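An overview of the molecular structure
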Amino acid sequence: MAKTDDGEFQRVNGFERPFDTLQLLSWIMFSFMVFSFFLVVMPLEEDKSRLIAITIVYALLLLAVVLLAARTSALNPVDRTIDEKLQATPRDVPTGDLLYCSYCKCKVHKRSKHCRLCNKCIRNFDHHCKWLNNCVGSVNYPPFFMLICITFLFTLLHSVWSFVIWKRLWDERSSKAYFYESLQYFRGSSHTGLLVLVFISFVAAAIACILLLQLVLFHIYLQYTGMSTYDYILSRRDKKTRQKNLREAKNKIVPVSEKSNQIPKIQEVEETSWDLAEMQAAENQAVSLLRCVVG
């Protein structure tokens, strides 16, 4: 566990404690998917040639996911100027490509951002990935992008083939002789139990596949526009702020139609007040005349 000069925790990579809850959840889900596929889904396939082909493709994708996840988590995306200790004081005016970070207490690159979870500045900061328990920057962004693409293909294959096996189990739910009974591995197994287990495996892979597809498309869009995830979040935040300020400005402005409707109302009030005063004066005159007559 790395520490700063002040003795504070500083994460070097994603394998350092404390582990994130989402990181542990990803390990559990991934392990369940792999074991359920190799121990339940694939043994239910009767066609040997198809079984071998799918197993080889699945195993290669699995190996790629594990290696890319390990590499993305193990790489340290820190801004190297922290290690080089380009010291400065807050009063120094940043020049060139460096800016002062008050947390790291040294100058870092302009595109770097300080991550409070890792307690270090990340070169070309994109985002902090809780699934990997590590920040993603210029150092580990290429393997990260490859990781989400390969993992998408991995979960796609898993979900499609799990559904195929589940559909066959569902169609034979009322059969007296199940197709898998000829396989010694599944003799005496509960048909309902297999249905539930394969279905859970399919749902877990399908949800992960949909989320990963959105993530892959999102990062393709970011690369096309030349933005990072952090840039995108800031632009969305600025857009919402501008829209809020515009709505508040519009609410303060009274439309001309409303102003024109208010003018007659003011005149009516003034005219009504004048009529009441005139009537009261006429009544006073009548009372005075009546007193003269009586007198």
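Residues numbered from 1 in each chain as written. Predicted model: local features only at pLDDT ≥ 70, side-chain atom pairs only at ≥ 80, totals over all residues. Heavy atoms only, no water.

1. Points about the packing of aromatic side chains
Considering all chains together, one arrives at 15 aromatic pairs under this definition. Where tryptophan 166 meets tryptophan 170, the ring centres are 5.6 Å apart and the plane angle is 20 degrees; that geometry is what we call stacked. One end of the pair is tryptophan 166 and the other is tryptophan 170, both in helix α4 (residues 141–171) and four residues apart, which spans about a single turn. Given the relative accessible area of 16%, tryptophan 166 is considered buried. Taking relative accessible area as the criterion, tryptophan 170 reaches 36% and is therefore assigned partly exposed. Considering the side-chain rings of phenylalanine 218 and tyrosine 232, the 5.1 Å spacing of their centres and the 75 degrees angle between planes classify their relative orientation as edge-to-face. Here tyrosine 232 lies in helix α6 (residues 229–252) and phenylalanine 218 lies in helix α5 (residues 191–225), a separation of 14 residues in the sequence. In textbook terms, an aromatic cluster arises when at least three aromatic residues are bridged by ring pairs, as seen for Phe30, Phe37, Phe38, Tyr58 and Phe154. Lysine 113 extends its terminal NZ or CZ atom over the ring of phenylalanine 125, reaching a point 5.1 Å from the ring centre. (Phe/Tyr/Trp six-rings, centres within 6.5 Å; stacked < 30°, edge-to-face > 60°. Helix = DSSP H or I, 4+ residues; strand = E, 2+ residues; numbered from the N terminus. Buried < 20%, exposed > 50% of the residue type's maximum accessible area, 1.4 Å probe, protein only. Lys NZ or Arg CZ within 6 Å of the ring centre and 35° of its normal.)

2. Observations concerning the pairing of strand β4 (residues 106–109)
Sheet analysis places strand β3 (residues 98–101) next to β4, joined by four bridges and oriented antiparallel. Within β4, the residue paired with tyrosine 100 across the bridge is lysine 107. (Pairing = 2+ DSSP bridges.)

3. A closer look at α5
Along its 35 residues, α5 runs 51 Å from first to last C-alpha, staying within 8% of the 51 Å computed at 1.5 Å per residue. Of the residues one or two after α5, glycine 226 is the one with positive phi, at around 75 degrees. (Expected span 1.5 Å × (residues − 1).)

4. Topic: a nonpolar patch on the surface
Together, Phe32, Val196, Leu197, Phe199 and Ile200 give the surface a local cluster of nonpolar side chains, amounting to about 390 Å² of exposed area. Residue position: leucine 197 is located in helix α5. (Patch = residues over 30% accessible without salt bridge, like charges linked within 9 Å, V, L, I, M, F, W, Y side chains within 5 Å. Areas by Shrake-Rupley, 256 points an atom, 1.4 Å probe, with all protein chains shown as cover. Salt bridge = Lys/Arg side-chain N within 4 Å of Asp/Glu carboxyl O.)

5. Considering the confidence of the model for the chain
In the predicted model, the chain carries a mean pLDDT of 81, and 73% of its residues have values of at least 70. Within the model, pLDDT remains below 50 along residues 263–274, and this stretch shows zero contacts once partners closer than five positions in the same chain are excluded. (pLDDT = per-residue confidence, 0-100. Contact = heavy atoms within 4.5 Å.)

6. With respect to the packing of α4 against α5
At a closest axis distance of 7 Å, the pairing of α4 and α5 adopts a crossing angle of 150 degrees. Judged by the inter-axis angle, α4 sits roughly antiparallel to α5. Note on packing geometry: the crossing formed by α4 with α5 is left-handed. Class assignment for the residues of the contact of α4 with α5 results in 25 nonpolar, nine polar and no charged. (Axes fitted to C-alpha atoms, helices over the stretch in contact; angles between N-to-C directions. Parallel < 35°, antiparallel > 145°, perpendicular 65-115°, else oblique. Left-handed = near helix turned anticlockwise from the far one by under 90°. Nonpolar A, V, L, I, M, F, W, Y, C, P; charged D, E, K, R; others polar.)

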